[in-house]
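Given next are the chains, with one letter for each unit.
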Amino acid sequence: MKVKGKVIWITGASSGIGEAVAYALAKKGAKLILSARRKTELERVKSSCPADTQKHIELLPLDLAQSDTLKLMTEAAIQLFGHIDMLINNGGISQRSLAAETSPEVDRKLMEVNYFGTIALTKYLLPLMIDRKQGHIAVVSSLVGKFGSPYRSGYAASKHALHGFFDSLRAELYKDNIKVTMVCPGFIKTNVSVNALTETGDALNKMDDAQANGMAADVFANKMVKALENERNEVYIGGKEKYGVYLKRLFPNLFAKILRKAKVR
Ligand SMILES: NC(=O)c1ccc[n+]([C@@H]2O[C@H](COP(=O)([O-])OP(=O)(O)OC[C@H]3O[C@@H](n4cnc5c(N)ncnc54)[C@H](OP(=O)(O)O)[C@@H]3O)[C@@H](O)[C@H]2O)c1
């Protein structure tokens, strides 16, 4: 599906990957609904889009952790353009802490934002897509949604959960002409590690070397938009870390040994 003229709702659009995807889609002529918690940052992103595209961009601040608000938010999103062609579930938070030292509340927070918030928006939007017999749900997971790695136990769990849910959904919705694309980034240069939760639930407030040296967000966004237009089921985008997916599949014991020594923090 070409994105030109399509109505696309992006969560986590106030920074990083979501911001870069918003710019890439605006340039291609999509109509956008931008969501995240920080309204002022959404306004900044909108005003950084090409001037002639801004009349096709609406803002809808929301908090993925506030599950009781998400039905109303979805109804409000649909009202903005009358329908939605694609939902890009991108908003999320990461983690940098050892499992043994991390409070269970942190695990719940990660699941609430990354998993429950994401599937709630999706579920509230599905009746419209099923009625229209068309739609596309994209999910920004992670390579850590394919293999767990140190310091990210709760985050890896939340991203793995997304794969289970959305693989099932893809099979269920094939008959309704609704596509599901799982996007798995490797190390992308954003504030994801700065905002990552530590063992107490406070933000790390530090840029990891892996992110600082990672793929630029605009390069990532162009590859992601191409994968969406090609209606890929699942795509891995990043540097050589993406080969971990294949290494785990083909040589699981070797991969387990490599992971023990991985410098991922
Ligand atoms: N960068 C990487 O290397 C990498 C790798 C793998 C996967 N990812 C995934 O990519 C996605 C985007 O992350 P990023 O790298 O762009 O990091 P980021 O710059 O920290 O962006 C995260 C986005 O999610 C939003 N968000 C966080 N908590 C939210 C909540 N409770 N409700 C609504 N929105 C919320 C943030 O906006 P507000 O703060 O304004 O709410 C922000 O727009 C995430 O799902 C992340 O797990 C990133």
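An account of the accompanying structure is given in this report. Remember, predicted model here, so these are calculated numbers, not experimental data.

### Points about the overall build of the protein chain
Next, step 1: Scanning the protein chain from terminus to terminus reveals nine helices and seven strands.
Next, step 2: For 265 residues, the compact-globule formula gives about 18 Å, and the C-alpha radius of gyration of the protein chain, at 18 Å, lands near that figure.
Next, step 3: Once the C-alpha set of the protein chain is aligned to its principal axes, its extents read approximately 50 × 40 × 35 Å.
Next, step 4: Within the protein chain, buried positions represent 50% of all 265 residues.

### Some remarks on the nonpolar core
Next, step 1: Ranked by internal contacts, the top residues of the largest apolar core, which has 36 residues, are Ile 8, Ile 10, Leu 25, Leu 32, Leu 34, Ile 88 and Met 224.
Next, step 2: When contributions to this core are tallied by element, the ones reaching two or more residues are β1 (7–11), α1 (16–27), β2 (31–35), α2 (39–48), β4 (86–89), β5 (135–140), α7 (217–229) and β7 (234–237).
Next, step 3: Aside from chain neighbours lying at most four places away, what touches Ile 8 is Val 3, Leu 25, Ala 30, Lys 31, Leu 32, Ile 33, Met 86 and Ile 88.
Next, step 4: Counting 34 residues, the second largest nonpolar core, distinct from the first, contains Leu 87, Leu 110, Tyr 115 and Leu 169.

### Quick look at the packing of aromatic side chains
Next, step 1: With the rule as written, the count across this model stands at five aromatic pairs.
Next, step 2: Both rings, one in Tyr 115 and one in Phe 116, keep their centres 5.0 Å apart while their planes meet at 70°; by these two values the pair is edge-to-face.
Next, step 3: A residue is classified by how much of its surface remains accessible, and Phe 116, at 42% relative accessible area, is partly exposed.
Next, step 4: For the pair Phe 147 and Phe 255, a centre-to-centre distance of 5.0 Å together with 80° between the ring planes defines the contact as edge-to-face. Of this pair, Phe 147 sits in the loop between β5 and α5 (153–173) while Phe 255 sits in helix α9 (residues 252–261), and the two are 108 residues apart along the sequence.

### A few points about the packing of α1 against α2
Next, step 1: The interhelical angle for the contact between α1 and α2, taken along N-to-C directions, is 30°, at an axis separation of 10 Å. The pairing of α1 with α2 is recorded here as roughly parallel in orientation. Judged by the sense of rotation from one axis to the other, the crossing of α1 with α2 is right-handed. Contacts between α1 and α2 pair Glu 19, Ala 22 and Tyr 23 from the former with Arg 44, Val 45 and Ser 48 from the latter.

### Side note on a nonpolar patch on the surface
Next, step 1: On the surface, a cluster of nonpolar side chains totalling about 620 Å² of accessible area is made up of Tyr 243, Tyr 246, Leu 250, Phe 251, Leu 254 and Ile 258.
Next, step 2: Mapped onto the secondary structure, Tyr 246 falls in helix α8 (residues 244–250).

### Re the sheet that holds β4
Next, step 1: Pairing is parallel across the open sheet formed by seven strands, whose spatial order is β3-β2-β1-β4-β5-β6-β7. Strands with a single pairing partner mark the edges of an open sheet, and in this sheet they are β3 (57–59) and β7. Each strand of the sheet is rotated relative to its neighbour by a mean of 15°, with strand direction disregarded.
Next, step 2: The pairing of β1 with β2 spans five bridges and is parallel. If you follow Ile 8 over to β2, its bridge partner there is Leu 32.

### Observations regarding the packing of α1 against α7
Next, step 1: Remark: α1 packs on α7, axes separated minimally by 8 Å, with the N-to-C direction vectors making an angle of 60°. Judged by the inter-axis angle, α1 sits oblique to α7. Handedness of the crossing formed by α1 with α7: right-handed. Only Ala 217, Asp 218, Phe 220, Ala 221, Asn 222, Met 224 and Val 225 of α7 make contact with α1, whose side of the interface consists of Gly 16, Ile 17, Ala 20, Val 21, Ala 24 and Leu 25.
Next, step 2: Taken together, the residues of the contact of α1 with α7 break down into ten nonpolar, two polar and one charged.

### Some remarks on the site of the ligand
Next, step 1: If you check the shell around the ligand, you find 31 residues, and the closest are Ser 15, Arg 37, Tyr 155, Thr 190 and Gln 211.
Next, step 2: For the ligand, an oxygen atom lies 2.7 Å from a polar atom in the side chain of Ser 15.
Next, step 3: A distance of 2.7 Å separates an oxygen atom of the ligand from a polar side-chain atom of Arg 38.
Next, step 4: The set of elements that each furnish at least two residues to the shell around the ligand consists of α1 and α5.
Next, step 5: A class-by-class count of the residues in the shell around the ligand yields 13 nonpolar, 14 polar and four charged.

### Regarding α5
Next, step 1: Between its first and last C-alpha, α5 extends 30 Å over 21 residues, near the 30 Å set by a 1.5 Å rise per residue.
Next, step 2: Looking at α5, one finds that the buried residues are Gly 154, Tyr 155, Ala 156, Ser 158, Lys 159, Leu 162, His 163, Phe 165, Phe 166, Leu 169, Arg 170 and Leu 173.
Next, step 3: Its buried side turned inward, α5 meets β4, α4 (104–132), β5, β6 (178–185) and β7.

Analysis parameters
- Residues numbered from 1 in each chain as written.
- Predicted model: local features only at pLDDT ≥ 70, side-chain atom pairs only at ≥ 80, totals over all residues.
- Heavy atoms only, no water.
- Helix = DSSP H or I, 4+ residues; strand = E, 2+ residues; numbered from the N terminus.
- Rg over C-alpha atoms; globule rule 2.2 N^0.38 Å.
- Buried < 20%, exposed > 50% of the residue type's maximum accessible area, 1.4 Å probe, protein only.
- Core = buried A, V, L, I, M, F, W, Y, C linked by side-chain atoms within 4.5 Å.
- Contact = heavy atoms within 4.5 Å.
- Phe/Tyr/Trp six-rings, centres within 6.5 Å; stacked < 30°, edge-to-face > 60°.
- Axes fitted to C-alpha atoms, helices over the stretch in contact; angles between N-to-C directions.
- Parallel < 35°, antiparallel > 145°, perpendicular 65-115°, else oblique.
- Left-handed = near helix turned anticlockwise from the far one by under 90°.
- Patch = residues over 30% accessible without salt bridge, like charges linked within 9 Å, V, L, I, M, F, W, Y side chains within 5 Å.
- Areas by Shrake-Rupley, 256 points an atom, 1.4 Å probe, with all protein chains shown as cover.
- Salt bridge = Lys/Arg side-chain N within 4 Å of Asp/Glu carboxyl O.
- Pairing = 2+ DSSP bridges.
- Nonpolar A, V, L, I, M, F, W, Y, C, P; charged D, E, K, R; others polar.
- Near = heavy atom within 4 Å.
- Polar contact = N/O pair within 3.5 Å; in protein donor to acceptor, adjacent residues only side chain to side chain.
- Expected span 1.5 Å × (residues − 1).

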